[in-house]
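# Coordinate inspection notes
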Amino acid sequence: MAAAAERILEAVKNKERIIVYGDADLDGVTAVIICKESIENLGGKVAALYFPDRETEGYGITKTALEKLKNLCPALIVAVDLGIGNFEEVRIAKKLGFSVVIVDHHEILDGLPQADIVVDPKQPGDEYPFKYFCAAGLAFKLSEMLFKRKMSKNLRESFLELAALATLADMMPREDENRYLIDQGLKNIENSFRPGLRAFFKTDVIDAEQDNFNRRLGKIISVLNIRDVRQGIPAAFHLLTVGSLAEAKELILDFMKINQERREKIRLVTGDIELGILHKDEPIIFEGSREWETSLLGTIASIICQKYQKPTFIFKMLKDDCQGTVRSTDEIDSVVLMKKCKDLLITYGGHPKASGFRVKNENLEKFKACLIKNLP
């Protein structure tokens, strides 16, 4: 992390182009905001932000993204909440002339990508005692190193709010340093300087019967986790960087409507899956469709896995391959399981109980058979 901070400060000093690249979920978005605002407060300029569209290009550092960004070369890419499994894409980025710093918290696969610097507490040889930060938690730690104890009180409080929300949304363990991030971040969130957060407490966007802190907090996370991408920027980014309470209220009401529609779609797809598995007696749940939205798969897989207590693989079928989301039980590490089938996969990775994969359509049934064969 010290090396990552030094490289970013060097880029700021030398006025290099900096690209902040992150996942479009709440953890990725808040990590991007922390990095972007840190760089700008230190006098640097962020030349571009990039959030990959999971529906069209998949997860992580993608070839589509590099093609779109290559006109900015030479530049420094700071990739947050992704990248740890992008071996080929990082090689391409380096060949194009990018410098690459990865700040990720997902499980290490077979070695590390050949980035200039990799920050991941789970990598071999990392001696930091706490391993279970979310990406925004790591971004907060990085910001502390960037500012070298010269961060303003307001900026620090704001970054802590973002890290707390991401820690809760990404369901990281509420212990050790995460407990500190949550406690400090939520301490004064009602009076956040960010209108997008303050609006949940200072306007009437929440019904009177929901008027307690925990319900409001749940609503905040629910709204911010919407994968609604507009002009390449996720809903959470728009809301967390909006300039006024009035604009924030308008966005929240819009996103709450989208969230209601999303919940209905989840209900319908979950029902379809349950019908599909009704007469199947298999040790895993392995279901997909060309019709399902990629952004809904994580929630659907969580519901199914929790109800049936089986490793659950839910995927969207594309023209040539499938993008999938995995949720697993306490007893089965989904990343370790998929690693045994890695020769059949394009990419895979994540956390033991929440991960993802991409597989060619021709290998789909082989992948399923491999998973079942290798179950502990």
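Going by the structure above, here's the rest.
Residues numbered from 1 in each chain as written. Predicted model: local features only at pLDDT ≥ 70, side-chain atom pairs only at ≥ 80, totals over all residues. Heavy atoms only, no water.

### Description of the overall build of the protein
So the rule is basically this: What counts as a helix is a DSSP run of H or I of at least four residues, what counts as a strand is a run of E of at least two, and both are numbered from the N terminus. To get the radius of gyration, use the C-alpha atoms; to get the globule rule, take the number of residues to the power 0.38 and multiply by 2.2 Å. Think of it in three bands: residues with accessible area under 20% of the maximum for their type are buried, residues over 50% are exposed, and the middle band is partly exposed, with areas taken using a 1.4 Å probe on protein chains only. Contacts: residue pairs with any heavy atoms within 4.5 Å of one another. Per-residue and other accessible areas follow the Shrake-Rupley method at a 1.4 Å probe size, with only the shown protein chains counted as cover for residues. Charge assignment: positive for Lys and Arg, negative for Asp and Glu; neither His nor the chain ends contribute. By convention, the point assigned to a charge is CZ for Arg, NZ for Lys, CD for Glu and CG for Asp.
The secondary structure content of the protein amounts to 14 helices and 12 strands. For 376 residues, the compact-globule formula gives about 21 Å, and the C-alpha radius of gyration of the protein, at 20 Å, lands near that figure. Each principal axis of the C-alpha distribution contributes one length, and for the protein these read about 60 × 55 × 40 Å. Taking all 376 residues of the protein together, 55% fall into the buried category. Restricting to contacts in the protein with at least 6 residues of sequence separation, those with at least 24 account for 64%. When the accessible surface of the protein is split by element, carbon and sulfur atoms take 49% of a total near 17,400 Å². Here the protein carries 54 positive and 56 negative side-chain charges, and the mean point of each set is 3 Å from the other.

### A look at the pairing of strand S12 (residues 354-360)
Using the following cut-off: The pairing criterion is simple: DSSP has to find at least two bridges between the two strands.
Burial of S12 is extensive: five of the seven residues sit out of reach of the surface. Across seven bridges, strand S10 (residues 321-327) lies against S12 in antiparallel orientation. Looking at the pairing, Val326 lines up with Ser355 of S12. With five bridges connecting them, strand S11 (residues 345-350) and S12 associate as antiparallel partners. From the neighbouring strand, Thr347 faces S12, where its bridge partner is Arg358. Once S11 ends, the chain turns through three residues before running back antiparallel as S12.

### Quick look at helix H9 (residues 213-224)
The condition is simple: Expected helix span is taken as 1.5 Å per residue step, with the number of steps being one fewer than the number of residues.
Between its terminal C-alpha atoms H9 stretches 16 Å, which fits the 16 Å expected from 12 residues at 1.5 Å a residue. For H9, the secondary structure elements touched by its buried residues are helix H2 (26-41), helix H6 (153-169), helix H7 (176-186), helix H8 (195-202), helix H10 (235-240) and helix H11 (245-276).

### Re the nonpolar core
Condition: Among buried residues, those of type Ala, Val, Leu, Ile, Met, Phe, Trp, Tyr and Cys that are joined through side-chain atoms within 4.5 Å constitute a nonpolar core.
Counting 76 residues, the largest nonpolar core has Phe200, Leu224 and Leu239 as the members making the most contacts within it. Per-element tally for this core: the top contributor is H6, with 10 residues. Those residues in contact with Phe200, other than ones at most four positions away along the chain, are Val205, Ile206, Arg216, Lys219, Ile220, Val223, Leu239 and Ile252. Judged by nonpolar contacts, the second largest core, of 23 residues, contains Ile19, Ile61, Leu69 and Ala93.

### A closer look at the pattern of salt bridges
Inclusion rule: What counts as a salt bridge is simple: a side-chain nitrogen of Lys or Arg found within 4 Å of a carboxyl oxygen of Asp or Glu.
What the rule picks out here adds up to 23 salt bridges. Here Arg267 and Glu264 are joined by a salt bridge, their closest N and O atoms 2.6 Å apart. Of this pair, Arg267 and Glu264 are both found in helix H11, three residues apart, which corresponds to roughly one turn of the helix. The exposure class assigned to Glu264 is partly exposed, which follows from its relative accessible area of 36%. The salt bridge partner of Lys353 is Asp330, with a shortest N-O separation of 2.7 Å.

### Comments concerning the packing of aromatic side chains
Which entries qualify depends on this criterion: Centres within 6.5 Å are what make two rings of Phe, Tyr or Trp a pair, Trp counting through its six-membered ring; a difference in plane orientation under 30 degrees is then read as stacked, over 60 as edge-to-face, and the rest as tilted.
In the structure shown here, the tally under the stated rule is 12 aromatic pairs. In this structure an aromatic cluster arises from ring pairing among Phe286, Phe313, Phe315, Phe357 and Phe367.

### Things to note about the sheet that holds strand S2 (residues 46-50)
What counts, and what does not: For every element, the axis is a line fit to its C-alpha atoms; helices are fit only across the contacting stretch, and the angle between N-to-C directions ranges from 0 to 180 degrees.
Reading across the sheet, the five strands line up as S2-S1-S3-S4-S5 and stay open at both edges, with parallel pairing between neighbours. Each of the sheet's edge strands pairs with one partner strand only, and the pair in question is S2 and strand S5 (117-119). The sheet shows a mean angle of 20° between the axes of neighbouring strands, taken without regard to direction. Where strand S1 (residues 18-22) meets strand S3 (residues 75-80), five bridges bridge the pair, whose relative direction is parallel. Of the residues in S3, the one forming a bridge with Ile19 is Ile77. H2 contacts S1, S2 and S3 of the sheet and is inclined by roughly 165° relative to S1.

### What to know about H8
Among the eight residues that make up H8, six are buried, leaving the element largely enclosed by the rest of the structure. In this structure, the buried side of H8 is in contact with H6, H9, H10 and H11.

### Quick notes on the state of the cysteines
Under the convention used in this document: Disulfides are defined in this document as cysteine sulfur pairs within 2.5 Å.
Scanning the model with the defined rule gives one disulfide in all. Disulfide pairing is shown between Cys341 and Cys370; the S-S distance is 2.2 Å. Handedness of the Cys341-Cys370 disulfide follows from its S-S torsion of about -95°: it is left-handed. Here Cys341 is found in the loop between helix H13 (334-339) and S11, whereas its partner Cys370 is found in helix H14 (residues 364-374), with 29 residues between them in sequence. As far as the burial class goes, Cys341 and Cys370 line up, both buried. Among the cysteines around Cys35, which has no disulfide bond, Cys134 carries the closest sulfur, lying 12 Å off. Take Cys35: its relative accessible area is 5%, and that puts it in the buried class.

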